[in-house]
Amino acid sequence: MRLSRYFMPILKENPKEAEIVSHRLMLRTGMIRQQSQGIYSWLPLGKRVLDKVNAIIREEQNRAGAIELSMPTLQSAELWQESGRYEDYGKEMLRIKDRQDRPMLYGPTNEEMITDIFRSSVKSYKSLPLNLYHIQLKFRDEIRPRFGTMRSREFLMKDAYSFDLTQADAIHSYNKMFVAYLRTFDRLGLRAIPMRADTGPIGGNHSHEFIILADTGESEVFCHKSFVDFDIPSVDTEFDDVAGLQKIFDKWTSVYAATSEMHDEAAFGAIGENDRLSARGIEVGHIFYFGTKYSEPMGAKVQGPDGKEHLVHMGSYGIGPTRLVPAIIEASHDDNGIIWPASVAPFDAVVINMKAGDEACDKACETLYAALQAAGKDVLYDDTDDRAGTKFATADLIGVPVQIIAGPRSVASGEIELKDRQTGARETMTIEAAINKLTA
Ligand code: P5A
């Protein structure tokens, strides 16, 4: 992508309305734009990051055996009247009428809709286990939307829904998502701690929130420090291995970790003083097992091996991609801007032409740009006629992991400079060596 043709509306000043660093940086880099309270557009730079986050979520959901579909944002109130949640959900639900005066709503979650899809076509235990998910916009009319897309009214959610014949099978489905979440957050460069959590309007009594520790987090959390050393399940994890997954779950829940709603002061106090961590955190995921809470009122049953009808046991599993993007920034930035983990960086590298219009600089940059693109890399080419200082500041601000700096002096001797955004380390090398290094 040539910066001269791109749409990346960088702000020179720090936006006043932004209270936390991620919100400030997302506005300054032109990743997002507020359209009305708690409702955001994702501009091209932000959209690139969001897509990369979603791709990782999707890969790990698929690996765990979940199957992607797509459900609408608008739902009929009827389904929610069936489950009994239409009244219960309160003011957070945006209620709308269509032209025939039929009550509709903008979905805050999809338990009812997926249960309806399930009951309409699954009749036998032989189709189980089943886990269906989508990545779709939700709307919750939060009293206090704030911190940009961290807590917005319209937001993206990956929501998965599992269906099983028995409670034991449903726990295995829960453990699959638990493990998939550990892997997902790790690949996003985050250390997420699963914590016993309250279930609120979703329901059930077996639930974990996945929390990223951050001073700006909205939740108050309490846990044992040892989480930092726990191993992330490997890519070869066998998701059908019931005992194996249970072992991972048991390990990750073997020490104290709870959100404030579930906090047990006595259990926490029993931990040695040096091992106690009382901190703030950002909830990036939340998983629930709620048994037959929806299958019962909505009549979602399958025929079991005994020939009898059984209500299915369900769970639901959420991740907030539009919250994850600011959470990653909270965890990874410095005074100059964002430091993206390579896995979600909007571009793998930025080529900085220090003197656009200079024949040798242009030629060196075009060579680098073409070679890296041909190797499948996402490259931003700063071919604008801005001053070099502005270009460096922009490159640092948007946090692309590798900067390739081509100035007249180095290019004259066939060389460029590579700068690592995270460490600040610089290396001078030939253009060819740089291409080899970055495409290896
Ligand atoms: C689980 C999937 C649910 O809604 N039903 C389907 C269950 N869970 S939840 O905890 O309420 O939400 C799941 C995740 O969505 C993100 N999230 C938000 N992100 C941004 N702005 C919001 N207002 C918001 N509300 C929820 C969180 O990451 C949460 O863990």
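Predicted model, so just to flag it, every value in this text is computed and none were measured.

## A word on the sheet that holds strand 23 (residues 426–430)
- Spatially, the five strands line up as an open sheet ordered 20-19-21-22-23, and their pairing is mixed. The open sheet terminates on both sides in strands that have one partner only, identified here as strand 20 (379–382) and strand 23. Each strand of the sheet is rotated relative to its neighbour by a mean of 20°, with strand direction disregarded.
- As paired strands, strand 19 (residues 349–353) and strand 21 (residues 402–406) are joined by five bridges and run parallel to one another. Bridge pairing in strand 21 places Ile 352 opposite Ile 405.

## So, the pattern of salt bridges
- Using the criterion set out here, one finds 26 salt bridges in the structure.
- Residue Glu 366 is joined to Arg 2 by a salt bridge in which the shortest nitrogen-to-oxygen separation is 3.0 Å. Residue Glu 366 is located in helix 11 (residues 359–374), and its partner Arg 2 is located in the segment before helix 1 (21–28); the two are separated by 364 residues in the primary sequence.
- Within the structure, one salt-bridge network assembled from shared partners comprises Glu 59, Glu 60, Arg 63, Arg 183 and Arg 187.

## Observations regarding the sheet that holds strand 4 (residues 74–76)
- Overall, antiparallel pairing links the three strands, which are arranged 4-6-5 in an open sheet. Among the strands making up the open sheet, the edge pair consists of strand 4 and strand 5 (94–97). Sheet twist, expressed as the mean angle between neighbouring strand axes with direction ignored, is 35°.
- The sheet contact formed by strand 4 and strand 6 (residues 103–106) spans three bridges and is antiparallel. Opposite Gln 75, over in strand 6, you have Leu 105 as the bridge partner.

## Overview of the packing of helix 2 (residues 44–63) against helix 10 (residues 321–331)
- Axis separation between helix 2 and helix 10 bottoms out at 10 Å; the angle between their running directions is 110°. For the element pair helix 2 / helix 10, the angle class is roughly perpendicular. For the pair helix 2 and helix 10, the crossing hand works out as right-handed. Contacts from Val 49, Leu 50, Val 53, Asn 54 and Ile 57 of helix 2 reach helix 10 at Pro 321, Thr 322, Leu 324, Val 325 and Ile 328.
- Looking at the contact of helix 2 with helix 10, its residues break down into eight nonpolar, two polar and no charged.

## A closer look at the site of the ligand
- Near the ligand there are 23 residues, and of these Glu 111, Arg 140, Glu 142, Ser 152 and Glu 283 occur at the shortest range.
- Here an oxygen atom of the ligand sits 2.7 Å away from a polar atom, N or O, in the side chain of Arg 140.
- Note that a nitrogen atom of the ligand is positioned 2.8 Å from one of the backbone N or O atoms of Ser 152.
- Going through the elements one at a time, strand 8 (154–164), strand 13 (276–291) and strand 16 (313–319) are the ones with two or more residues in the shell around the ligand.
- The element that contributes the greatest number of residues to the shell around the ligand is strand 13, accounting for five residues.
- A per-class count over the shell around the ligand returns eight nonpolar, eight polar and seven charged.

## Topic: the packing of aromatic side chains
- Considering all chains together, one arrives at 18 aromatic pairs under this definition.
- Both rings, one in Phe 290 and one in Tyr 294, keep their centres 4.9 Å apart while their planes meet at 75°; by these two values the pair is edge-to-face.
- By relative accessible area, which is 6% here, Phe 290 ends up buried.
- Given the relative accessible area of 1%, Tyr 294 is considered buried.
- Positioned over the ring face of Tyr 86 is Arg 95, at 4.7 Å from the centre of the ring.
- The cationic tip of Arg 276 hangs over the ring face of Phe 268; the distance from NZ or CZ to the ring centre is 5.9 Å.

## Considerations on the pairing of strand 13
- Where strand 10 (residues 206–213) and strand 13 come together, eight bridges link them in antiparallel fashion. Across the sheet, residue His 208 finds its bridge partner in strand 13, namely Ile 287.
- One ladder, built from six bridges, connects strand 13 with strand 16; its direction is antiparallel. Across the sheet, Ile 287 pairs through a bridge with Tyr 317, a residue of strand 16.

## Observations regarding the nonpolar core
- Ranked by internal contacts, the top residues of the largest apolar core, which has 80 residues, are Met 31, Phe 185 and Trp 340.
- With residues near it in sequence (within four places) discarded, Trp 340 still touches Met 31, Val 49, Val 325, Ile 328, Ile 329, Ala 345, Pro 346, Ile 398, Gly 399, Val 400 and Pro 401.
- Grouped together as the second largest cluster of nonpolar side chains are 27 residues, Phe 118, Leu 130, Tyr 161 and Phe 288 included.

## What about the environment of Pro 9?
- Note on placement: Pro 9 falls in the segment before helix 1.
- Here the alpha-carbon distance between Pro 9 and Leu 45, two residues 36 residues apart in the chain, equals 9.4 Å.
- Ignoring any residue separated from it by four or fewer positions in sequence, one finds Pro 9 in contact with Leu 27, Arg 28, Thr 29, Gly 30 and Leu 43.

## Topic: the state of the cysteines
- In the structure shown here, the tally under the stated rule is zero disulfides.
- Sulfur of Cys 361: no disulfide; nearest cysteine sulfur belongs to Cys 365 and is 6.2 Å away.
- Using a relative accessible area of 0% as the deciding quantity, one classes Cys 361 as buried.

## Examining the packing of helix 1 against helix 10
- Relative to each other, helix 1 and helix 10 sit at 110°, their axes nearing to 8 Å. Between helix 1 and helix 10, the interaxial angle falls into the category roughly perpendicular. Within the contact between the two elements, helix 1 uses Val 21, Ser 22, Leu 25 and Met 26 and helix 10 uses Val 325, Pro 326, Ile 329 and Glu 330.
- Considered class by class, the residues forming the contact of helix 1 with helix 10 number six nonpolar, one polar and one charged.

## Re the side chain of Arg 323
- Inspection of the secondary structure assignment puts Arg 323 in helix 10.
- This buried residue, Arg 323, is left without a salt bridge; Glu 283 holds the nearest opposite charge, at 4.5 Å.
- When near neighbours in sequence (up to four residues on either side) are disregarded, Arg 323 contacts Thr 149, Met 150, Arg 151, Ile 282 and Glu 283.

The rules behind the values
- Residues numbered from 1 in each chain as written.
- Predicted model: local features only at pLDDT ≥ 70, side-chain atom pairs only at ≥ 80, totals over all residues.
- Heavy atoms only, no water.
- Pairing = 2+ DSSP bridges.
- Helix = DSSP H or I, 4+ residues; strand = E, 2+ residues; numbered from the N terminus.
- Axes fitted to C-alpha atoms, helices over the stretch in contact; angles between N-to-C directions.
- Salt bridge = Lys/Arg side-chain N within 4 Å of Asp/Glu carboxyl O.
- Parallel < 35°, antiparallel > 145°, perpendicular 65-115°, else oblique.
- Left-handed = near helix turned anticlockwise from the far one by under 90°.
- Contact = heavy atoms within 4.5 Å.
- Nonpolar A, V, L, I, M, F, W, Y, C, P; charged D, E, K, R; others polar.
- Near = heavy atom within 4 Å.
- Polar contact = N/O pair within 3.5 Å; in protein donor to acceptor, adjacent residues only side chain to side chain.
- Phe/Tyr/Trp six-rings, centres within 6.5 Å; stacked < 30°, edge-to-face > 60°.
- Buried < 20%, exposed > 50% of the residue type's maximum accessible area, 1.4 Å probe, protein only.
- Lys NZ or Arg CZ within 6 Å of the ring centre and 35° of its normal.
- Core = buried A, V, L, I, M, F, W, Y, C linked by side-chain atoms within 4.5 Å.
- Disulfide = S-S within 2.5 Å.
- Lys, Arg positive; Asp, Glu negative; His and termini not counted.

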